[in-house]
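# Tertiary structure, described
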Amino acid sequence: MEKIDILSLDLPELEKWLTEMGEKKFRGKQIFQWLHVKRIFDFDEMTDISVQLRAKLKEHFCVNRLFVQKKLESSIDNTVKYLYKLSDGNFVETVLMDYSYGKSICISTQVGCKMGCRFCASAIAGFVRNLEPSEILMQIYETEKDMGIRVSGVVLMGIGEPLDNYDNVIKFLRLISDKNGNNLSLRHVSLSTCGIVPRIYELAELHLGLTLSVSLHSADNDKRSEIMPVNRTYNMNSLIEACRSYIEKTGRRVTFEYAVIDNVNSSDKDADKLADLLRGMNCHVNLIPVNKVRERSYRTARSGVSEFAKRLGQRGINATVRRTLGSDIEAACGQLRRDAAGQNTNGGAVC
């Protein structure tokens, strides 16, 4: 019998399973809190439920754990990068970042990525599969346990495209914010997408309160299609229309991510086109010095990013330059997984 991944069940689903097993409904909330509040993943340690029920849990359910394959700690800014091994032997990356307001964690949503953005390391090793809600969630729980902390913010900006794994990501968001469990406000969650337009409209209808971050990287359709193949399916005009609809529907400001790449999208003309595109929108532009990737030739001069931000500001566009974190440990997602994929060895129990 294939066991059920209990951490991917929301509370109503868990209650339903237990009542069908002949148990009282309230047992679901008890077990849910053991998992998501007390972070106990061994059924034998759930001491306020009967031995008989614990035996049933072990028979029917499993906990989908992650295993630390590699951990890198920055000597510059307290950034910590994890390479996690999944129960099937695949790898994902997670980055813990230290800010003045608390700890924020950047998590992955897929093993690899289909989107093929030219400046990104995540897609180089190829797409394998979507992550289950439990595997997205456990990046947070395992990191918090290892570091002895609780995170105050979550960023879905690691390996993978969150809106390409839409159903599992939405399930994760409901799990992490459940008031009976972890109870993290989704106002402290940012979801980054390269621009899967139909899913942006769907996300707006849910009124989750999270921050939508859109990877734009060019205000020119042809140029964006060259560096971001998704633009050939959902062009920039349809993407901006979807973002305007999202702002109107949710009342939330949209963040546009823009990796400034020398001799690609960094000119004064590029800044002017971006300002024209976004003028009048309730938005913020986050300028990013592009991360160095061994297989790519893209580079960014730090002075060029500052000048780009200055030009946008002169044209009425709110823009800031993202602080580079973990530069001494290759904190950009995708590089550790790519290296580990060729050294894959069996390990860890399969849920």
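As a starting point, this report considers the structure included with it. Note that the coordinates shown come from a computational prediction; the quantities given were computed from them, not determined experimentally.

### Looking at the overall build of the protein chain
Helices and strands together make up the secondary structure of the protein chain, namely 11 helices and 14 strands. Within the protein chain, contacts between residues separated by at least 24 positions form 68% of all contacts whose residues are at least 6 apart in sequence. If you sum the accessible surface of the protein chain, you get close to 15,300 Å²; carbon and sulfur atoms cover 46% of it.

### Things to note about the pattern of salt bridges
Counting across every chain of the model gives 23 salt bridges. Here K171 ties to E13 by a salt bridge, and the two come within 2.9 Å at their closest N and O atoms. With K171 in helix α5 (residues 166-177) and E13 in helix α1 (residues 11-20), the pair connects residues that are 158 residues apart, well separated along the chain. Salt-bridge contacts for D44 lead to K58; the nearest nitrogen and oxygen are separated by 2.9 Å. Here K58 lies in helix α3 (residues 51-60) and D44 lies in the loop between α2 (26-36) and α3, a separation of 14 residues in the sequence. Look at K58 and you get partly exposed, because its relative accessible area is 37%. One network of salt bridges, in which partners are shared, links D268, D272, R311 and R315.

### Focus on the sheet that holds strand β9 (residues 153-156)
Strands sit in the order β3-β4-β5-β6-β9-β10-β11-β12-β13-β14 across an open sheet of 10 strands; the sheet is mixed. Every interior strand has two partners, whereas the edge strands, β3 (67-73) and β14 (319-321), have only one. Here the average twist between neighbouring strands, direction ignored, is 20 degrees. By the bridge criterion, 3 bridges tie β9 to strand β10 (residues 189-193) in an arrangement that is parallel. Its bridge partner lying in β10, V155 is registered against S190. Sitting on the sheet, helix α4 (residues 133-147) touches β3, β4 (80-85), β5 (91-99), β6 (102-107) and β9, and the angle it makes with β4 is about 125 degrees.

### Thoughts on helix α8 (residues 236-250)
Relative to the 21 Å expected for 15 residues at 1.5 Å per residue, α8 spans 21 Å between its end C-alpha atoms, a close match to the ideal helical length. Regarding α8, the residues found buried are M236, L239, I240, A242, C243, Y246 and I247. Taken end-on, α8 shows its buried residues confined to a sector of 160 degrees, consistent with a single buried face. Among the exposed residues of α8, those oriented more than 90 degrees off its buried face are E241 and E248. Turning to α8, the residues buried within the fold contact α6 (197-206), β11 (211-215), α7 (221-227), β12 (254-260) and α9 (268-278). Taken from the residues just after α8, G251 is the one with a positive phi, measuring 75 degrees.

### Digging into the packing of α1 against α2
In a pair of packed helices, the angle between the axes and the distance between the axes together describe the arrangement. Taken N-terminus to C-terminus, the directions of α1 and α2 make an angle of 125 degrees; their axes are 8 Å apart at the nearest point. Judged on the interaxial angle alone, α2 and α1 are oblique. Once α1 is placed against α2, the crossing between them reads as right-handed. Where α1 approaches α2, its residues L11, L14, E15 and L18 are matched on the opposing element by R27, G28, K29, I31 and F32. Each residue belonging to the contact of α1 with α2 can be placed in one class, and the counts come to 5 nonpolar, 1 polar and 3 charged.

### Things to note about the environment of D10
When you line up the elements, D10 lands in the loop between β1 (4-5) and α1. For the pair D10 and P133, spaced 123 residues apart in the sequence, the C-alpha separation amounts to 9.9 Å. Not counting residues within four places of it along the chain, the set of residues in contact with D10 comprises F32, K171 and L175. Separated by 2.9 Å, the side chain of D10 and the backbone nitrogen of E13 make a polar contact.

About the cut-offs
Residues numbered from 1 in each chain as written. Predicted model: local features only at pLDDT ≥ 70, side-chain atom pairs only at ≥ 80, totals over all residues. Heavy atoms only, no water. Helix = DSSP H or I, 4+ residues; strand = E, 2+ residues; numbered from the N terminus. Contact = heavy atoms within 4.5 Å. Areas by Shrake-Rupley, 256 points an atom, 1.4 Å probe, with all protein chains shown as cover. Salt bridge = Lys/Arg side-chain N within 4 Å of Asp/Glu carboxyl O. Buried < 20%, exposed > 50% of the residue type's maximum accessible area, 1.4 Å probe, protein only. Pairing = 2+ DSSP bridges. Axes fitted to C-alpha atoms, helices over the stretch in contact; angles between N-to-C directions. Expected span 1.5 Å × (residues − 1). Arc of directions from axis to C-beta. Parallel < 35°, antiparallel > 145°, perpendicular 65-115°, else oblique. Left-handed = near helix turned anticlockwise from the far one by under 90°. Nonpolar A, V, L, I, M, F, W, Y, C, P; charged D, E, K, R; others polar. Polar contact = N/O pair within 3.5 Å; in protein donor to acceptor, adjacent residues only side chain to side chain.

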